[in-house]
Amino acid sequence: MPYILGIETSCDETAAAIVARDGEVLSSIVASQAATHGKYGGVVPELASREHLRAITPVVREAMRQAHASWADLAAVAATSGPGLVGSLLVGLTYAKSICAVRRLPLIGVNHLEGHIHAVVLDARKSGAVIEFPALALVASGGHTHLFLWPGGERYQLLGKTRDDAAGEAYDKVAKLLGFGYPGGPVLDSLAPHGDPDAIPLPLARMKGNPLDFSFSGLKTAVLRWVQSRQMESEIAARRELLRRNPRPSPEEWLRVTPPATLNVIAAFQRVVIEELLKRVERAAEQTGARSVIISGGVACNAGLRAAARSGRLSCPAFFPTPHLSTDNAAMIAAAAWPRLERREFDDLSLKAQANLALA
Ligand code: KG4
Ligand code: ZN
């Protein structure tokens, strides 16, 4: 049975995976750099490339080992060619090209966003769920917030995207200004149920032009103003101190240094982000007659978003990947490459890494 080796290094995760034709994931290794970037409150591109260089060989070896795969079992190597940080993308793509050159294997360059969408397809195949087309695909992560109409196959139509911050970036920036570590999404998501989302009014974006575009910078500024209007220095210092002693505090530890007013602002922030996302998905579903909704990317891990999308609010079923496949991983890259291998559509070794590669 031939396999595809997938490699993903577009941001701050070094990942490799082996995926079979039927969608079986034989291995999926992700080396996170969160500990490196945590103290800066966001990804530092130079550090990211350096960490990818360190991690790429052991990560690929481990993916091969766990899958019991040898080079002869591979039918192709797939690597993310964009969008992402160019210095990071180059590490994975160059590594993939070297394997292809030495082992005489075909190379398949994959768009990172298409990978995120295929993460859902992989999971649906495994569970036997049927995704009906046309589908809407919302990719919400630290770098992207894009809404596509996916009629099926390899065509995607961009319906809207963020004009400023990505949804995950808004989580990371709000977490940073409140003194929580990076990435901010998981912490704020775990604390949001402890606050009252109605206690502090935060604004929804007012959009001119395409109503399916997103904007999160006004919301982030509103939280910043709220912080500036209060005396929060000692509270924020206590959280930074907790983070210094323990890089990964539990929700209980965070709760001890987070008073009710801050929990309320977190709950209100989370509610507005979910509303911004689902309002547009709802509207796009009505406009296009979509029969399924796919939500992927790191923000798809959000428990509040999952619950809201499945509360009966949407006119069609919503599909989310499992958390491991929601955040950056290489199984989704190998999965997105399989249809290209079937059609024998390969890239040549001159394929470039593109920071702004568009999917549609
Ligand atoms: O897809 P991903 O791993 O990387 C990018 O392509 O950006 O997404 C990472 C982003 C980060 O901004 C992180 O804060 C956010 O996803 N994230 C979440 C949650 N888990 C991760 N945002 C909200 N709620 C979560 N539970
Ligand atoms: Zn991503």
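None of these values were measured; they are calculated from a predicted model.

## With respect to the coordination of the zinc ion (ligand 2)
The zinc ion (ligand 2) binds to the protein through His-112 (NE2), His-116 (NE2) and Asp-328 (OD), with metal-donor distances spanning 2.0 to 2.1 Å. Of note is the zinc ion (ligand 2), whose four donor atoms meet at the metal with angles of 93 to 148 degrees in an arrangement that counts as irregular. Mapping the donors of the zinc ion (ligand 2) onto the primary sequence yields the spacing H-x3-H-x211-D. Here Asp-328 lies in the loop between helix H12 (323–326) and helix H13 (331–342) and His-112 lies in helix H4 (residues 112–127), a separation of 216 residues in the sequence. Comparing His-112 with Asp-328, the two get one shared label, buried.

## Description of the environment of Ser-296
With respect to the helices and strands, the residue Ser-296 is situated in strand E9 (residues 292–296). Sequence separation between Ser-296 and Gly-115 is 181 residues, and the spatial gap between their C-alpha atoms is 9.6 Å. The residues contacting Ser-296, other than those within four sequence positions of it, are His-116, Ile-117, Val-120, Leu-138, Val-139, Ala-140 and Pro-321.

## Topic: the sheet that holds strand E1 (residues 3–8)
Within a beta sheet, neighbouring strands are joined by backbone hydrogen bonds and run either parallel or antiparallel to one another. If you trace the five strands from one edge of the open sheet to the other, you get E3-E2-E1-E4-E5, paired in mixed fashion. Two strands in the sheet have a free side with no partner beyond their single neighbour: strand E3 (25–32) and strand E5 (107–111). The sheet shows a mean angle of 20 degrees between the axes of neighbouring strands, taken without regard to direction. In this fold helix H3 (residues 86–103) packs onto E1, strand E4 (74–82) and E5, with an angle of close to 155 degrees to the strand it touches most, E4. Set on the sheet, H4 makes contact with E1, strand E2 (13–20), E3, E4 and E5; between it and E5 the angle comes to about 90 degrees.

Reading the values: rules and limits
Residues numbered from 1 in each chain as written. Chains lettered and ligands numbered in written order. Predicted model: local features only at pLDDT ≥ 70, side-chain atom pairs only at ≥ 80, totals over all residues. Heavy atoms only, no water. Donors = N, O, S within 2.8 Å, 3.2 Å for Na, K, Ca; no water. Tetrahedral: all angles 85-135°; square planar, octahedral: opposite > 155°, others 65-115°. Helix = DSSP H or I, 4+ residues; strand = E, 2+ residues; numbered from the N terminus. Buried < 20%, exposed > 50% of the residue type's maximum accessible area, 1.4 Å probe, protein only. Contact = heavy atoms within 4.5 Å. Pairing = 2+ DSSP bridges. Axes fitted to C-alpha atoms, helices over the stretch in contact; angles between N-to-C directions.

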